[in-house]
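Here's the letter readout for the chains.
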Amino acid sequence: MSIIEINNLKRDFIVGDETVHALRGISFGIDAGEFVSIMGTSGSGKSTLLNILGCLDTPTSGDYIIDGVNAATLSRNELADIRNHKIGFVFQSYNLLPRTSVLENVELPLMYNKQYSARQRREHAMEVIHRVGLDQRIHHTSAQLSGGQQQRVAIARALVGDPVIILADEATGNLDTRTSYEIMALFQELHASGTTIAFVTHEPDIASFTSRTIKLRDGHIIEDSPVQTQNAQAALEALPKNEDY
Amino acid sequence: MNLSNLLKIALRAILRNKTRALLTMLGIIIGISAVITMLSLGEGVKLGMTSEFSSMGTNSIMVMPARQQRGGVDMGNSTSKSLDEKDLAALKKSCPHVAAFSPSVTSGAQMVYGSRNHSGSVQGCSPAYLSINNYSLERGLMFTDQDVKVYSKVCVIGKTIVDELFPDGTNPVGQTIRFGNIPMKVIGVLKEKGQGSFGNDADDIALVPYTTVQKRFLGINYFQMLEASAVSQEASEAAATEITHTLRATHGIGNPDDDDFEVRTMDELLTSMNSMMSMLTLLLTAIASISLIVGGIGIMNIMYVTVTERTREIGLRMAIGARQRDILLQFLLESVVLSLIGGLIGILLGILLSYVLATAIQSGGDMPISFVLSYSAIGLSFVVCVAVGVFFGWYPAKKAAGLDPIQAIRYE
Ligand SMILES: Nc1ncnc2c1ncn2[C@@H]1O[C@H](COP(=O)(O)OP(=O)(O)OP(=O)(O)O)[C@@H](O)[C@H]1O
Ligand SMILES: [Mg+2]
C-alpha cells in the first residue's frame, strides 16, 4: 500500500526577479514499510522535497498524496494537523527544547493532539523512549546528553504520535561515524518492526543501510533503485575499536 | 494545547529569566502601585471628609445675609441685617422639609471663673442648635425656648472651656461664669466632639440663647445667620428651595438677582467637594497610568526579544503540529502572565504604600483621611493588567505565530 504518492511535483522559489526551480517535476511513491534514502549533491533539492513531504511546504504544482489525503490543497491548520498525526521529523540539529527533560521533549507532539490524555501521553512517551534505549535518562535535559543520545530523543519524539512515515533530513550529519552507525542501527530496528522511513543523506555508506535510494540532481530524479542493504549493527562491530583518542 | 499546559509553559519561560522578568515588570509594578495608592488615598480623603462633615451635620443648611446688588450698585452693609424674627416665624411655618431652625449670633467674650479666664466666643442660638450641629449633652440640660423668650443668662459649654476654667474637676453645672461683666449660669456641658475640624476646635464653644446675645451682648435685633437642618440629606435641596422662596416672599423680592440672602446646604458643599476630589484622583491616576503604558511597552519589547530568541523552538513546535493559534496563545499568555505577576506585586506594594501614607497623614492631623482598601481599584488593576498583557503582547505573539516553520527551524 502506498503511503506517499507524488506526481509531477514542482517547486519554484522566486528570488528577486529570478525563479529558482528547486524541483522540476518529480514523481514517485513510497509504500508502507519502505526505508528510502534520498541522495544528491548540495542544492539538488533534497531538503525542498523533504519539506514538501513533511507538509512544511506546499508544491508550486503537482500532487502530493499522503495517506490518502492530497496535501497540495490543504490550509495551514490542516497541514499542521497532518504533521502532528501522520509525520515524524528528525532534524540534523536535533532541535530539542533546551532545559527540558527527555520525557517532556518526547511528549511534546502529543500536547498538540487533543486525543491524548495526560496519562496516555506519559505512557506513549515512556514506550518510545524505551524503544530508543533511553529509559535511564528520562529526567535528563538535552544539555546533559551526548549528540547521539539527543538524536535518539528526537527519534523518540518523531515516533511518539504513531506517524505513517518518519522523515529525516541528514539526521546523522552532526554525528561521528560510530554514532551515525548506531543511529542507523536504530533506524534499521524501527524499519524491521514496520516503520516507514525516508532519509536524506549525502553519504553513500549511510544510504547503504537503507533499502531503496532516490538520487536527485538539479531538481530531477536521476536514479531510483533498490539497495543491497547492509546491516548497520554488523558495520558498527566492524569499525576499528581503538578510536579512543 | 490546553490552557493549563500553556500556563505551565509561560510560567516556566518567565521563571527561567527571573531578573529579566522582574525588570520588565518594573513599569507595571510602579504603575499599578501608583494607581492603587492614588485611588486608595483619594477614597480615603473622601471618606475622611464625609465623616468630618457628617459630624457637622450632612443635612445642615446655612442662610446668610448677602450683599444686595441693585442695578450693579452695591447697597452696602445695610442688607446684612436682612434676617430677623419675622423671617424665622415665616420660615418655621412654610418649610416642611426643614426639621429645625436656629438663629445664630456670635460675640467674642472673655470668660472668667474665679481666678481663671479663657477668651472665646459665645454662640447665640436656639435649642435646635444641638441637633443641627450634631452636639449632645454630657451632663446637665440644654436651655429651652422659654429661656430664649426671656433672654435668660444661662449657658451650655464645651469640653475645652470646661478644661480651661475648671481644671480641678469641679462640676461646672450650677456654677456661674462671667462673660465680660455678664454673669451666666452653666446649666449643661457638651459631649466632646473629639476632632478639630479643619483646625477649629469644635469643643471651644459656649451656647447661649440667641436673644441673650442680641440684647445683652450686641444690642441688635437681627440674626447674623440662620442655621437649619433638612429632614434628611436628600431633602436638603428641597428644603433650600423652600427657604429661598419663603425669604423672597417675606422680603418682597421678585427677581432672584435681587436676593439679599444666600442659602447654602452641606449637601451641596459635600457634592462639590466630592466631585473635586474625584477629579483630582482621576488626574493623579491618569498620570500614574502613564507608567502602565511605559510598562506595557517594556513587556512588548521583551516579548519581541523572546520570540526572536525562541525562533527555533517556534519552528520546531510548528513542525510537530502546533497550529498558529497554539503559538499565538503561548506567547500571548506569557505576556499576560508577566503583566499579571507585575500587577500582583504592584497591588501588594500599592496597598502597603497607601496604608503607610494614610497613617502618616492621619498622624499629621491636618487632613481628615482614613485608610480604605479600594476593592474597585484592585479589581480594575487586574483587568488593566490583562488588557496591557494582551494589547502589548499581541504583536510579538502575532509575529511568532506568523513565522515560516522552515525558516524558523533553521534560524541561527
Ligand atoms: N526558501 C528558498 N528561497 C529561495 N531558494 C531556495 C529556498 N530554499 C531552497 N532554495 C533553493 O532551492 C535549491 C534546492 O535547495 P535544497 O535546500 O533543497 O538543497 P539540498 O539538496 O537540501 O542541499 P544540501 O544538501 O546542501 O542541504 C537550491 O538552489 C536553493 O538555493
Ligand atoms: Mg538540505
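As the structure is a prediction and not an experimental result, all values here were calculated from the model.

About the criteria used
Throughout this description, residue numbers start from 1 for each chain and increase along the sequence as written. Both sets of labels track the order of writing: A upward for chains, 1 upward for ligands. Predicted model: local features are reported for residues with pLDDT of at least 70 only, side-chain atom pairs are reported and counted for 80 or more only, and whole-chain, interface and lining totals are derived from all residues. Hydrogens are left out, water is left out, and the side-chain values use all remaining heavy atoms of the structure. We count a stretch as a helix when DSSP gives it H or I for four or more residues in a row; a strand needs E for two or more, and each element gets its number in order from the N terminus. Computation of the radius of gyration draws on C-alpha atoms alone. For the globule rule, the value is 2.2 Å times the number of residues to the power 0.38. Burial classification: accessible surface area is computed with a 1.4 Å probe over protein chains only, and a residue below 20% of its type maximum counts as buried, one above 50% as exposed, and the rest as partly exposed. It only takes one pair of heavy atoms within 4.5 Å for two residues to be counted as in contact. Each accessible area is a Shrake-Rupley estimate made with a 1.4 Å probe; only the visible protein chains count as cover when residues are assessed. Charge counting treats Lys and Arg as positive and Asp and Glu as negative, with His and both chain ends excluded. To locate a charge, the coordinates of NZ of Lys, CZ of Arg, CG of Asp or CD of Glu are taken. By nonpolar core is meant a set of buried Ala, Val, Leu, Ile, Met, Phe, Trp, Tyr and Cys residues that side-chain atoms within 4.5 Å join together. Where each domain begins and ends is defined by an automated method or by a domain database. A side-chain nitrogen of Lys or Arg and a carboxyl oxygen of Asp or Glu constitute a salt bridge if their distance falls within 4 Å. DSSP-based pairing: two strands are paired if at least 2 bridges between them are found. Every residue gets a pLDDT, meaning the predictor's confidence in that residue, from 0 to 100. Note on terms: buried area is the combined drop in 1.4 Å-probe accessible area of two parts once they are placed together, counting the loss on both. As used in this structure description, the phrase polar contact means that two N or O atoms lie within 3.5 Å; if the pair is within protein, one of them must be able to donate a hydrogen and the other to accept it, and residues adjacent in sequence are counted only when both atoms belong to side chains. Residue type decides the class: Asp, Glu, Lys and Arg count as charged, Ala, Val, Leu, Ile, Met, Phe, Trp, Tyr, Cys and Pro as nonpolar, and the leftover types, Gly among them, as polar. Each axis is a line fitted through C-alpha atoms, taken for helices only over the stretch in contact, and angles between the N-to-C directions span 0 to 180 degrees.

What about the overall build of chain B?
- On a plain count of helices and strands, chain B comes out with 13 helices and twelve strands.
- Its C-alpha radius of gyration of 33 Å places chain B more than 25% over the 22 Å reference for a compact globule of 412 residues.
- Across its three principal directions, the C-alpha atoms of chain B cover 105 × 60 × 35 Å.
- Looking at chain B residue by residue over its 412 residues, the buried ones come to 49%.
- A sequence separation of at least 24 residues applies to 78% of the contacts in chain B between residues at least 6 apart.
- On chain B, roughly 19300 Å² of surface is accessible, and the fraction owed to carbon and sulfur atoms is 60%.
- Side chains of chain B carry 33 positive and 34 negative charges; the gap between the two charge centres is 9 Å.

As for the overall build of chain A
- Counting its secondary structure elements, chain A contains eight helices and ten strands.
- Computed over the C-alpha atoms, the radius of gyration of chain A is 18 Å, within 12% of the 18 Å expected from 2.2 N^0.38 for a compact globule of 245 residues.
- Taken along its principal axes, the extent of the C-alpha atoms in chain A is 50 × 45 × 40 Å.
- Evaluated residue by residue, chain A yields a buried proportion of 52% over its 245 residues.
- Considering only residue pairs separated by 6 or more positions, chain A has 69% of its internal contacts joining residues 24 or more positions apart.
- When the accessible surface of chain A is summed, it comes to about 11000 Å², and 46% of that surface belongs to carbon and sulfur atoms.

Focus: the nonpolar core
- In terms of nonpolar packing, the biggest core is built from 80 residues, with Ile4, Ile6, Leu49, Leu53 and Tyr64 of chain A touching the most fellow members.
- If we skip the residues at most four places from it in the chain, Ile4 of chain A touches Phe28, Gly29, Ile30, Leu53, Tyr64, Ile65, Ile66 and Ile165 of chain A.
- Ranked by size, the runner-up nonpolar core spans 56 residues in total, among them Val189, Ala202, Val213 and Ala235 of chain B.

Remarks on the domain arrangement of chain B
- Partitioning chain B into domains gives domain 1 (3-53 + 271-409) and domain 2 (81-259).
- Summarising the inter-unit geometry, the C-alpha centres of domain 1 of chain B and domain 2 of chain B are found 55 Å apart.

Some points on the pattern of salt bridges
- Per the stated rule, a full pass over the model turns up 17 salt bridges over all chains.
- Arg12 of chain B serves as the salt-bridge partner of Glu104 of chain A, at 2.5 Å between the closest nitrogen and oxygen. One end of the pair, Glu104 of chain A, is in helix α3 (residues 102-111); the other, Arg12 of chain B, is in helix α1 (residues 3-16), on a second chain.
- In this structure, Glu334 of chain B and Arg310 of chain B form a salt bridge, with 3.1 Å as the shortest nitrogen-oxygen distance. Note that Glu334 of chain B is positioned in helix α11 (residues 324-364) and Arg310 of chain B in the loop between α9 (266-309) and α10 (311-319), a separation of 24 residues in sequence. Arg310 of chain B carries the same exposure label as Glu334 of chain B, and that label is buried.

Description of the side chain of Asn133 of chain B
- Here Asn133 of chain B shows up in the loop between α4 (129-132) and β6 (137-140).
- Ignoring anything within four residues of it in the chain, the contact list for Asn133 of chain B reads Ser55, Met56, Lys193 and Glu227 of chain B.

Re the pairing of strand β9 (residues 182-190) of chain B
Residue and element names in this part refer to chain B.
- Where burial is concerned, most of β9 is hidden: seven out of the nine residues are buried.
- Where β6 lies against β9, three bridges are found, and the strand directions are antiparallel. Residue pairing for β9: Arg139 is matched across the bridge by Val189.
- Two elements, strand β7 (residues 154-157) and β9, share four bridges in a ladder whose sense is parallel. Residue Val154 lies in a different strand from β9, and its bridge partner there is Lys185.
- Both strand β8 (residues 176-179) and β9 contribute to a ladder of four bridges, which runs antiparallel. When the sheet's bridge partners are listed, Phe179 is paired in β9 with Ile182.
- Joining the antiparallel neighbours β8 and β9 is a turn of two residues, in which Gly180 adopts a positive phi near 60°.

Quick notes on the confidence of the model for chain B
All names here are of chain B.
- Averaged over every residue, the pLDDT of chain B is 88; the share at 70 or more is 94%.
- Summarising per-element confidence for chain B, the mean pLDDT is lowest in strand β2 (residues 69-70) (52) and highest in α10 (96).
- Of the two predicted TM-score estimates for the complex, the pTM is 0.78 and the ipTM is 0.95.

Side note on the interface of chain B and chain A
- Contact with chain B, which involves 24 residues of that partner, is made by 26 residues of chain A.
- On the chain B side of the interface with chain A, the three residues burying the most area are Arg16, Ile320 and Arg323 of chain B, jointly 25% of the side's total.
- In this assembly, chain B and chain A are joined by three salt bridges.
- The salt bridge involving Arg410 of chain B is made with Asp169 of chain A; its shortest N-O contact spans 3.7 Å.
- Viewed at the interface, chain A and chain B are joined by nine residue pairs in polar contact (both at pLDDT 80 or more).
- Of all elements in the fold, only α1, α10, α11 and α13 (405-409) of chain B reach the threshold of two or more residues within the side of chain B that touches chain A.
- With six residues, the top contributor of residues to the side of chain B that touches chain A is α10 of chain B.
- Residue classes in the side of chain B that touches chain A are distributed as eleven nonpolar, five polar and eight charged.

Overview of the sheet that holds strand β4 (residues 61-66) of chain A
Residue and element names in this part refer to chain A.
- The four strands are arranged β2-β1-β4-β5 in an open sheet whose pairing can be described as antiparallel. Strands with a single pairing partner mark the edges of an open sheet, and in this sheet they are β2 (18-31) and β5 (69-70).
- One ladder, built from two bridges, connects β4 with β5; its direction is antiparallel. Across the sheet, the residue bridging to Ile65 is Asn70, located in β5.
- Its contacts with the sheet put helix α1 (residues 46-53) on β1 (2-15), β2 and β4, and the angle it makes with β1 is roughly 125°.

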